[in-house]
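Spelled out, the chains give:
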Amino acid sequence: MKITIRKRTEEDINQFITWTYDGIYSFYDNNIQQEKIEGFKQSINSERAFSVFDDKENLIGNCEFFDISDDGVEILAVGVQMKPSMTGQGYGSIFFKAVIEHGRELLKFNHLELCVVDFNKRAIRTYEKEGFKKKGEFQNVIRGNTYNFIIMDKDWK
């Protein structure tokens with residue numbers, strides 16, 4: 001599968017916010033997270049927020065690069081999301097690799113971090129396959145439930 005990544009549009013966002021996932025992955029449902037919906041809408045003019053398409057020009061995901069602060073040090077992080085019908089189908093590596101390559105070409109980074117909820121073993125395996133290592137962990141309360149997150153990072157030389 002060939003992946004194309006381009007700046008998001010309002011039409012893309014209108015699709016993102018309808019995405020819902022099965023089972024434990026419903027944690028990622030976009031339609032129940034007002035802060036996520038607002039974040040998508042605000043990202044329309046961002047130079048670091050993208051939509052991901054397959055070779056038939058079907059919208060299959062989104063990604064965003066953003067700065068976080070770790071004890072006063074600015075770090076670049078990435079967030080990725082695949083369309084629910086694409087998850088668990090073996091496309092994770094090609095999808096994630098395309099996102100990282102696009103980001104490196106555009107932003108020229110040598111270090112990148114991400115966070116993933118600890119029960120998302122499929123995503124963790126994909127990130128590890130692409131060379132990301134566990135850096136730490138933290139807990140966060142989301143919609144009244146406490147979740148454990150893993151921080152992963154990778155350096156390029």
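This is a predicted model, so every value here is computed, not measured.

So, the overall build of the protein
Part 1 of the reasoning: Counting its secondary structure elements, the protein contains 4 helices and 7 strands.
Part 2 of the reasoning: Going from the N terminus to the C terminus, the protein shows its helices and strands as β-α-α-β-β-β-α-β-α-β-β.
Part 3 of the reasoning: In terms of overall dimensions, the protein is globule-like: its C-alpha atoms have a radius of gyration of 15 Å, near the 15 Å expected for 157 residues.
Part 4 of the reasoning: For the C-alpha atoms alone, the extent of the protein along its principal axes is close to 40 × 40 × 30 Å.
Part 5 of the reasoning: Here the protein holds 157 residues, and the buried ones make up 43% of them.
Part 6 of the reasoning: In the protein, 22 positive and 25 negative side-chain charges are present, and the distance between their average locations comes to 5 Å.

Details of the UniProt feature "domain: N-acetyltransferase" (unreviewed entry) in the protein
Part 1 of the reasoning: Mapped onto the present numbering, the UniProt feature "domain: N-acetyltransferase" (unreviewed entry) falls at residues 3–157.
Part 2 of the reasoning: Across residues 3–157, the secondary structure splits into 26% helix and 38% strand, with the terminal C-alpha atoms separated by 25 Å.

A few points about the packing of aromatic side chains
The relative placement of two aromatic rings is captured by the distance of their centres and the angle of their planes.
Part 1 of the reasoning: Enumeration according to the criterion identifies 16 aromatic pairs in this entry.
Part 2 of the reasoning: Between Phe50 and Phe65 the ring centres are 6.5 Å apart and the planes differ by 70°, which places this aromatic pair in the edge-to-face class. Remark: Phe65 occurs in strand β3 (residues 59–70) and Phe50 occurs in strand β2 (residues 49–53); sequence separation between them is 15 residues. The pair formed by Phe50 and Phe65 is uniform in burial state, with each residue classed as buried.
Part 3 of the reasoning: Taking the ring centre of Phe109 as reference, the NZ or CZ of Arg104 above it sits at 5.8 Å.
Part 4 of the reasoning: Here Arg122 stacks its cationic end above the ring of Tyr25, 4.1 Å away from the centre of that ring.

Remarks on the nonpolar core
Part 1 of the reasoning: Ranked by internal contacts, the top residues of the largest apolar core, which has 43 residues, are Leu112, Val116 and Phe132.
Part 2 of the reasoning: Those residues in contact with Leu112 that sit more than four places away from it in its chain are Phe65, Leu76, Ala77, Val78, Ile100, Phe132, Met152, Asp153, Lys154 and Trp156.

Quick look at helix α4 (residues 121–129)
Residue pairs spaced three or four apart in an α-helix point in one direction, given the helix's 3.6 residues per turn.
Part 1 of the reasoning: Here α4 has its buried residues at Ala123, Ile124, Thr126 and Tyr127. Along α4, the residues classed as buried sweep out an arc of 160° about the axis, all on the same side. Relative to its buried face, α4 has exposed residues pointing more than 90 degrees away, namely Arg125 and Lys129.
Part 2 of the reasoning: Those residues of α4 hidden inside the fold are in contact with β4 (73–82), α3 (92–107), β5 (111–117) and β7 (145–155).
Part 3 of the reasoning: Count one or two residues on from α4 and you reach Gly131, which has phi positive near 95°.

Cut-off values and rules
Residues numbered from 1 in each chain as written. Predicted model: local features only at pLDDT ≥ 70, side-chain atom pairs only at ≥ 80, totals over all residues. Heavy atoms only, no water. Helix = DSSP H or I, 4+ residues; strand = E, 2+ residues; numbered from the N terminus. Rg over C-alpha atoms; globule rule 2.2 N^0.38 Å. Buried < 20%, exposed > 50% of the residue type's maximum accessible area, 1.4 Å probe, protein only. Lys, Arg positive; Asp, Glu negative; His and termini not counted. Charge placed at Lys NZ, Arg CZ, Asp CG, Glu CD. UniProt positions renumbered as here; feature names shortened; annotations may be inferred. Phe/Tyr/Trp six-rings, centres within 6.5 Å; stacked < 30°, edge-to-face > 60°. Lys NZ or Arg CZ within 6 Å of the ring centre and 35° of its normal. Core = buried A, V, L, I, M, F, W, Y, C linked by side-chain atoms within 4.5 Å. Contact = heavy atoms within 4.5 Å. Arc of directions from axis to C-beta.

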